[in-house]
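Tertiary structure, described
Residue-level listing of the chains:
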Amino acid sequence: MSLDWIYYAISWILLIWHRAWEAIGVSDGAVLGTNWAWILAIIFLVVTVRVILFPVFVKQIKSQRAMQALQPQVKALQEKHKGDRETLQKEMMELYRKEKANPLMGCLPMFLQIPVFLGLFHVLRRLSPSNEQKTLYGWSVDQFESASVAKLFTAPIAGKFGSTAEELAALGAANSTTVKIMAGVLVLIMMGTTYLTSRQMILKTGWAEDPQQRMIQKLMLYGIPLSLLISGAIFPIGVIIYWVTNNLFTLAQQQWVLRKFPPPPSMTAKSGTSGARNPVQPAKTGGLFGRKAAPPAAPAKPAAPKVAGPKPGAKPVNPKKSKPAKRR
């Protein structure tokens, strides 16, 4: 299947934003070693894609709320069909269908952005002065040559950590070490922001009771950031800029959506001893890192002093009885 339509779409959005920034006076020349018109074009490519996918993101949050509300029923099915995995899966799928909850909706926004990521990766990888097909995907020769030498703090946006010295020299890089340092720093930022976006969601919704959902949460939290440590070496700097910007946008968007659609009240553990191995964990409300201090507990009121009662067999004492007057 040809992906040319994706490459044309990404190029069109990128070039529209580049022309828009040039029209409002952002210089296409290097300022502080950076061609800001192209950097801003990549950043606002993210904004365009996220605005288009915003309804899908809201559906993702609502689906996660529905999945969280179904956790008691899922746990009951797990206890009922313990040891019968086939029946358990059938019953859970029927429950999700009946309640209109989709376990895969949590990953849908990310999957929909994969074509955009691949399209930008392909477009930026083509940026080289030696490339003869400069007008492919709707580019003009001037636009292609301008983007080919575009830089972020002297590091070409088409360069990557794994680029050879010859490749970086063709892109106009003055120092290959600077490019590797810039790419390495951006990869670390990409890993950190990817981790934080997953952590933010888990802190607000809590860990899932369903083993499959919990596995997906762990994969999103740890697996994907760690994989970027290796795969980030082949990403052009422009693609990493896109990824970091996308993560920052996600952090802000999730914070807004989670405030507008707060998670349902967490289930509290039953009083007394229970044999549950994995009780439902309450969602934390302490911000992104979950370290907000809890409000101080109200001081306990002092207990009233106990008054000892009369001993058995003792004569009652009348406190109102006055003492006899002293003789003068």
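Residues numbered from 1 in each chain as written. Predicted model: local features only at pLDDT ≥ 70, side-chain atom pairs only at ≥ 80, totals over all residues. Heavy atoms only, no water.

1. Structural notes on the environment of Trp 5
- Assignment of secondary structure puts Trp 5 in helix H1 (residues 4-23).
- Relative accessible area serves as the criterion here: at 56%, Trp 5 is assigned to the exposed category.
- In this structure, the C-alpha to C-alpha distance between Trp 5 and Gly 119, residues 114 residues apart in sequence, is 9.2 Å. (Helix = DSSP H or I, 4+ residues; strand = E, 2+ residues; numbered from the N terminus. Buried < 20%, exposed > 50% of the residue type's maximum accessible area, 1.4 Å probe, protein only.)

2. Side note on the environment of Val 239
- Tracing the backbone shows Val 239 in helix H11 (residues 237-260).
- Measuring from C-alpha to C-alpha, the distance between Val 239 and Leu 124 comes to 7.7 Å, with 115 residues separating the pair along the chain.
- Residues within four places of Val 239 in sequence aside, it is in contact with Phe 117, Leu 120, Phe 121 and Leu 124. (Contact = heavy atoms within 4.5 Å.)

3. Quick word on the nonpolar core
- Leu 45, Leu 120, Trp 139, Met 190, Phe 235, Ile 237 and Tyr 242 are the most contacted members of the largest nonpolar core, which totals 49 residues.
- Listed by contribution, the elements that provide at least two residues to this core are H1, helix H2 (36-52), helix H6 (108-125), helix H7 (141-148), helix H9 (176-205) and H11. (Core = buried A, V, L, I, M, F, W, Y, C linked by side-chain atoms within 4.5 Å.)

4. A closer look at the packing of H1 against H2
- Running from amino to carboxyl end, H1 crosses H2 at an angle of 125°, the nearest separation of the two axes being 8 Å. Looking at the two axes, H1 sits oblique to H2. Here H1 runs over H2; the crossing is right-handed. Between H1 and H2, the contacting residues are Ile 10, Ile 13, Leu 14, Leu 15, Trp 17, His 18 and Trp 21 on the first element and Ala 37, Trp 38, Leu 40, Ala 41, Ile 42, Phe 44, Leu 45 and Thr 48 on the second.
- Of the residues belonging to the contact of H1 with H2, the class tally is 13 nonpolar, two polar and no charged. (Axes fitted to C-alpha atoms, helices over the stretch in contact; angles between N-to-C directions. Parallel < 35°, antiparallel > 145°, perpendicular 65-115°, else oblique. Left-handed = near helix turned anticlockwise from the far one by under 90°. Nonpolar A, V, L, I, M, F, W, Y, C, P; charged D, E, K, R; others polar.)

5. Considerations on a nonpolar patch on the surface
- Together, Met 110, Phe 111, Ile 114 and Leu 118 give the surface a local cluster of nonpolar side chains, amounting to about 330 Å² of exposed area.
- Structurally, the position occupied by Ile 114 is in helix H6. (Patch = residues over 30% accessible without salt bridge, like charges linked within 9 Å, V, L, I, M, F, W, Y side chains within 5 Å. Areas by Shrake-Rupley, 256 points an atom, 1.4 Å probe, with all protein chains shown as cover. Salt bridge = Lys/Arg side-chain N within 4 Å of Asp/Glu carboxyl O.)

6. Brief notes about the side chain of Arg 50
- Tracing the sequence through the fold places Arg 50 in helix H2.
- Apart from residues no more than four positions distant in its own chain, Arg 50 is found in contact with Phe 57, Gln 113, Asn 246, Phe 249, Thr 250 and Gln 253.

7. Comments concerning unusual backbone geometry
- Even without glycine at this site, Leu 32 takes up a positive phi of about 60°.
- Relative to the assigned elements, Leu 32 resides in the loop between H1 and H2.
- Residue Leu 32 is classed as exposed on the basis of its relative accessible area, which comes to 70%.
- Despite not being glycine, Tyr 137 shows a phi value in the positive range, around 65°.
- With respect to the helices and strands, the residue Tyr 137 is situated in the loop between H6 and H7.
- Overall, the relative accessible area of 7% leaves Tyr 137 in the buried class.

8. Examining the packing of aromatic side chains
- Counting across every chain of the model gives 13 aromatic pairs.
- Considering the side-chain rings of Tyr 8 and Tyr 137, the 5.3 Å spacing of their centres and the 90° angle between planes classify their relative orientation as edge-to-face. Of this pair, Tyr 8 sits in helix H1 while Tyr 137 sits in the loop between H6 and H7; the two residues are 129 residues apart in sequence, bridging distant segments of the chain.
- A relative accessible area of 42% means that Tyr 8 is categorised as partly exposed.
- When the centroid spacing of 6.3 Å and the interplanar angle of 80° are considered together, the rings of Trp 139 and Phe 144 count as edge-to-face. (Phe/Tyr/Trp six-rings, centres within 6.5 Å; stacked < 30°, edge-to-face > 60°.)

9. Topic: the pattern of salt bridges
- The tally for this structure, following the rule as stated, stands at three salt bridges.
- Between Glu 79 and Lys 82 there is a salt bridge whose closest N-O contact spans 3.4 Å. Across the pair, exposure class does not vary: Glu 79 and Lys 82 are exposed alike.
- Among the ionic pairs, Arg 97 bridges to Glu 94, the shortest N-O distance being 2.5 Å. Remark: Glu 94 and Arg 97 occur in helix H5 (residues 85-99); sequence separation between them is three residues, near one turn of the helix.
- Taking the relative accessible area as the measure of exposure, Arg 97 reaches 57% and is therefore exposed.

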